[in-house]
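Each chain is listed here by its residues.
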Amino acid sequence: MFLHLEGRPITDFFSGPGFLKCSRSGCTAQASVRLLWNNPRVHEPSRRKEWLACPEHQAWLTQYLQERNFFKDTVPLEEPAEQRKEHGD
Ligand SMILES: [Zn+2]
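Model, not experiment: these values are computed from the prediction.

## Details of the overall build of the protein
The helix and strand tally for the protein stands at 3 helices and 3 strands. What you see in the protein, going N to C, is helices and strands ordered as α-β-β-α-β-α. Each of the 89 residues in the protein was classed as buried or not, and the buried ones make up 11%. Within the protein, contacts between residues at least 6 apart in sequence are counted, and of these 58% link residues at least 24 apart.

This is the structure:
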C-alpha cells in the first residue's frame, strides 16, 4: 500500500482573497498599512513602489526605507472597492 501525495499548495490559506501579507521577509502576518517608496537611482521620480507592513514590522520597514532616503509615505491598507462589492451575499 502506498499513499499518493498530491502536490497541492498548503499556502492557499495565507494568500486567499482579501489577505495581504506583510512584505517583511519570513513574516506571514496580515498587513495593515502600505509603505510608498521610490529609489531615485532606478525609478522615475513620480513612480511609487509599495510595501505592505503588519503592525509589528511597520516601524522596521519604515526605518529601512528612511535610512536609504527611499521612504515617501504611509497609507492605510484598504480593500479595493471592486473586491468589496463581491462580498455582499
Ligand atoms: Zn510583518
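From this point, things continue past the structure.
## Points about the sheet that holds strand 2 (residues 49-53)
Spatially, the 3 strands line up as an open sheet ordered 2-1-3, and their pairing is antiparallel. A strand with exactly one partner marks an edge of an open sheet, and here the two such strands are strand 2 and strand 3 (71-76). Averaged over all neighbouring strand pairs, the angle between strand axes comes to 25°, with direction disregarded. Here strand 1 (residues 33-37) runs beside strand 3; their pairing, made up of 5 bridges, is antiparallel. Its bridge partner lying in strand 3, Leu35 is registered against Thr74.

## A short note on the nonpolar core
Judged by nonpolar contacts, Cys22, Ala31, Leu35, Trp37, Trp51, Leu52, Ala53, Cys54 and Leu61 together constitute the single largest core of 9 residues. Breaking this core down by element, the ones donating at least two residues are strand 1 and strand 2. The element contributing the most residues to this core is strand 2, with 3 residues.

## Quick notes on the confidence of the model for the protein
Averaged over all residues, the pLDDT of the protein is 80; the fraction at 70 or higher stands at 69%. The least confident element of the protein is helix 1 (residues 12-15), whose mean pLDDT is 49; the most confident is helix 2 (residues 58-67), at 97. Note on residues 8-13: pLDDT is under 50 here. Beyond four places in sequence and across chains, it has 0 contacts.

## Here's the deal with helix 2
Among the 10 residues of helix 2, 1 are classified as buried, and the element is accordingly described as predominantly exposed. Just past helix 2, the residue Asn69 takes up positive phi, approximately 60°.

What counts as what
Residues numbered from 1 in each chain as written. Predicted model: local features only at pLDDT ≥ 70, side-chain atom pairs only at ≥ 80, totals over all residues. Helix = DSSP H or I, 4+ residues; strand = E, 2+ residues; numbered from the N terminus. Buried ≥ 20, exposed ≤ 12 C-beta atoms within 10 Å, placed from the backbone. Contact = placed C-beta atoms within 7 Å. Pairing = 2+ DSSP bridges. Axes fitted to C-alpha atoms, helices over the stretch in contact; angles between N-to-C directions. Core = buried A, V, L, I, M, F, W, Y, C linked by C-beta atoms within 7 Å. pLDDT = per-residue confidence, 0-100.

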